[in-house]
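Survey of secondary and tertiary structure
Listed below are the residues making up each chain.
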Amino acid sequence: MTVDDESGGGAPEPPTYPTPHHEVDHTAEPSDDPLAIRLEQLILGADRRYTPFQAARTAGVSMELASRFWRAMGFADIGQAKALTEADVLALRRLAGLVEAGLLSEPMAVQVARSTGQTTARLAEWQIDSFLEGLTEPPEPGMTRTEVTYPLVELLLPELEEFLIYVWRRQLAAATGRVLVQAADDEEMVDRRLAVGFADLVGFTRLTRRLEEEELGELVEAFETTCADLVAAHGGRLIKTLGDEVLYAADDAGTAAEIALRLIETLSHDETMPALRVGIAFGTVTTRMGDVFGTTVNLASRLTSIAPKDAVLVDGALAEELSRTGEAPVSETEAAEEAARAEKEGRQSATYRFALQPMWQRPVRGLGVVEPWLLTRRPT
């Protein structure tokens, strides 16, 4: 985009575009506080040098495309202040270069910018809230938080940067293995059969009216941390957390079922936690930007809403998959009869991890009539 210079009386005021500056006020000018500027320079590794127009021109990118990239990354609008660095120019060149080389389409490049921006924005806020705030209390009267933060960030920044890259590469390798190696064709890379589970705290809304904000924050953090650890430890993937609810996915029904029961067993022994309910569905799922969509996801959510306290409900497809893989009996009656015959004949009977009990059929909004199954762990 270019500035129209055909009118008389000089060039008009340039339009406003989103530019990389993290402020709550999305029209705020960059801070002029010397200490804040020093901290920004330390983190960014460069001085402010360019306006948005200058950065786009130096990168060889149209202002329109630069604006789309910055908006996708979640950067706030500061008009035409000189707030950008060489790193901002290089980032524009790299994204535009991927498009020019045909490695990414322009919509895909914008999607990369958006997914990266959203993920790292949350990470940065999380680290500041839970980490830096606790470490930057002024040790002496008269010292500001910024004065304490600067040497701390100077020490931590390179270590955290290396750690971030390490974790990202590890996660990228795992995701590549799951999607590229396991997918039989290109369609499966987007639409795949997965087990999707929702875990929801019962009565959370009422709880918010009883607890102080700090207590509520601690409860949510403990819930999310416990869920994240259990999902990861047993081979699932945490898709997202929603305060009182978590969404996870697994490549097979047995893994999803084990995670659900572990969540119930672990949180039911924590007296500070409300009751938990879990719903799981198995089927085709569409994946986009790390999230999952489709009827299977909706069904898992609906099952969660009707599940009893401290119980797991699954759909018929997941129940059938557990039976097919030998992790749950097709019929409890037949399993008991087979166990009795095996004992009489002195041989080992089949063992199962899970038990399934059909529940009442009921209509579910938007999905018709479903027959949930109550999932439990079989006694050893």
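Residues numbered from 1 in each chain as written. Predicted model: local features only at pLDDT ≥ 70, side-chain atom pairs only at ≥ 80, totals over all residues. Heavy atoms only, no water.

Focus: the packing of helix 2 (residues 52-59) against helix 3 (residues 63-72)
One way to put it is that helix 2 packs onto helix 3 with a least axis distance of 9 Å and a crossing angle of 110°. Considered as vectors, helix 2 and helix 3 are oriented roughly perpendicular to each other. Here Pro52, Phe53, Ala55 and Ala56 of helix 2 lie close against helix 3, whose contacting residues are Met63, Ala66 and Trp70. Per-class residue counts for the contact of helix 2 with helix 3 are 7 nonpolar, no polar and no charged. (Axes fitted to C-alpha atoms, helices over the stretch in contact; angles between N-to-C directions. Helix = DSSP H or I, 4+ residues; strand = E, 2+ residues; numbered from the N terminus. Parallel < 35°, antiparallel > 145°, perpendicular 65-115°, else oblique. Contact = heavy atoms within 4.5 Å. Nonpolar A, V, L, I, M, F, W, Y, C, P; charged D, E, K, R; others polar.)

Some details on the environment of phenylalanine 75
Tracing the backbone shows phenylalanine 75 in the loop between helix 3 and helix 4 (86-100). We classify phenylalanine 75 as buried; its relative accessible area is 19%. Sequence separation between phenylalanine 75 and glycine 117 is 42 residues; the distance between their C-alpha atoms is 8.3 Å. (Buried < 20%, exposed > 50% of the residue type's maximum accessible area, 1.4 Å probe, protein only.)

A look at the side chain of aspartate 291
Positionally, aspartate 291 belongs in strand 5 (residues 291-293). The buried category is assigned to aspartate 291, whose relative accessible area is 16%. At 3.1 Å, the side chain of aspartate 291 forms a polar contact with the side chain of lysine 240. Setting aside anything within four residues of it in sequence, one finds aspartate 291 in contact with Ile239, Lys240, Leu247 and Thr286. (Polar contact = N/O pair within 3.5 Å; in protein donor to acceptor, adjacent residues only side chain to side chain.)

Some remarks on the packing of helix 8 (residues 213-233) against helix 9 (residues 253-268)
Put simply, helix 8 and helix 9 touch, their axes get as near as 10 Å, and they point 140° apart. When the interaxial angle is binned, helix 8 and helix 9 end up oblique. The way helix 8 lies across helix 9 gives a crossing that is right-handed. Across the interface between the two elements, Phe223, Thr226, Cys227, Leu230 and Val231 from helix 8 touch Ile259, Arg262, Leu263, Thr266 and Leu267 from helix 9. (Left-handed = near helix turned anticlockwise from the far one by under 90°.)

A word on the pattern of salt bridges
This structure, assessed with the given rule, holds 12 salt bridges. A salt bridge links arginine 237 to aspartate 251, with the nearest nitrogen and oxygen atoms 3.5 Å apart. Of this pair, arginine 237 sits in strand 2 (residues 237-241) while aspartate 251 is found in the loop between strand 3 (245-250) and helix 9, placing the two residues 14 residues apart along the sequence. Taking relative accessible area as the criterion, arginine 237 reaches 15% and is therefore assigned buried. Notably, a salt bridge pairs arginine 377 with glutamate 258, separated by 3.0 Å at the nearest N-O pair. With a gap of 119 residues between them, arginine 377 in strand 10 (residues 373-377) and glutamate 258 in helix 9 connect regions that are remote in the sequence. Since its relative accessible area comes to 8%, glutamate 258 is described here as buried. Here the salt bridges share partners, and the residues they tie into one network are Glu258, Arg262, Glu265, Glu327, Arg353 and Arg377. (Salt bridge = Lys/Arg side-chain N within 4 Å of Asp/Glu carboxyl O.)

Section: the packing of aromatic side chains
Applying the stated rule across the entire model yields 1 aromatic pair. Aromatic pair phenylalanine 163 and tyrosine 166: ring centres 6.1 Å apart, planes at 40°, arrangement tilted. Residue phenylalanine 163 and its partner tyrosine 166 are both found in helix 6 (residues 145-182); the two are separated by 3 residues, about one turn of the helix. A relative accessible area of 51% places phenylalanine 163 in the exposed class. For tyrosine 166, a relative accessible area of 48% corresponds to the partly exposed category. Positioned over the ring face of tyrosine 150 is arginine 38, at 4.2 Å from the centre of the ring. (Phe/Tyr/Trp six-rings, centres within 6.5 Å; stacked < 30°, edge-to-face > 60°. Lys NZ or Arg CZ within 6 Å of the ring centre and 35° of its normal.)

Topic: the confidence of the model for the protein
Mean pLDDT over the protein stands at 82; residues scoring 70 or higher make up 83%. The weakest mean pLDDT in the protein belongs to helix 12 (residues 332-345) at 77; the strongest belongs to strand 6 (residues 311-314) at 96. With pLDDT under 50 throughout, residues 1-17 is counted as low confidence; its partners more than four residues away or in other chains account for 22 contacts. Note on residues 21-28: pLDDT under 50 across the span, and 16 contacts to partners over four residues away in sequence or across chains. (pLDDT = per-residue confidence, 0-100.)

Describing the pairing of strand 2
Direction of pairing for strand 2 relative to strand 3: antiparallel, over a ladder of 4 bridges. Among the inter-strand pairings, lysine 240 is bridged to a residue of strand 3, identified as leucine 247. With antiparallel pairing between neighbouring strands as the criterion, strand 2 and strand 3 make up a hairpin whose turn holds 3 residues, including glycine 243 at a positive phi of roughly 80°. (Pairing = 2+ DSSP bridges.)

Description of the environment of threonine 51
By the secondary structure assignment, threonine 51 is in the loop between helix 1 (34-44) and helix 2. Overall, threonine 51 belongs to the buried group, its relative accessible area being 13%. Along the backbone, threonine 51 and lysine 82 are 31 residues apart, and their C-alpha atoms lie at a distance of 4.2 Å. Other than its neighbours up to four places away in sequence, threonine 51 contacts Gln80, Ala81, Lys82 and Leu84.

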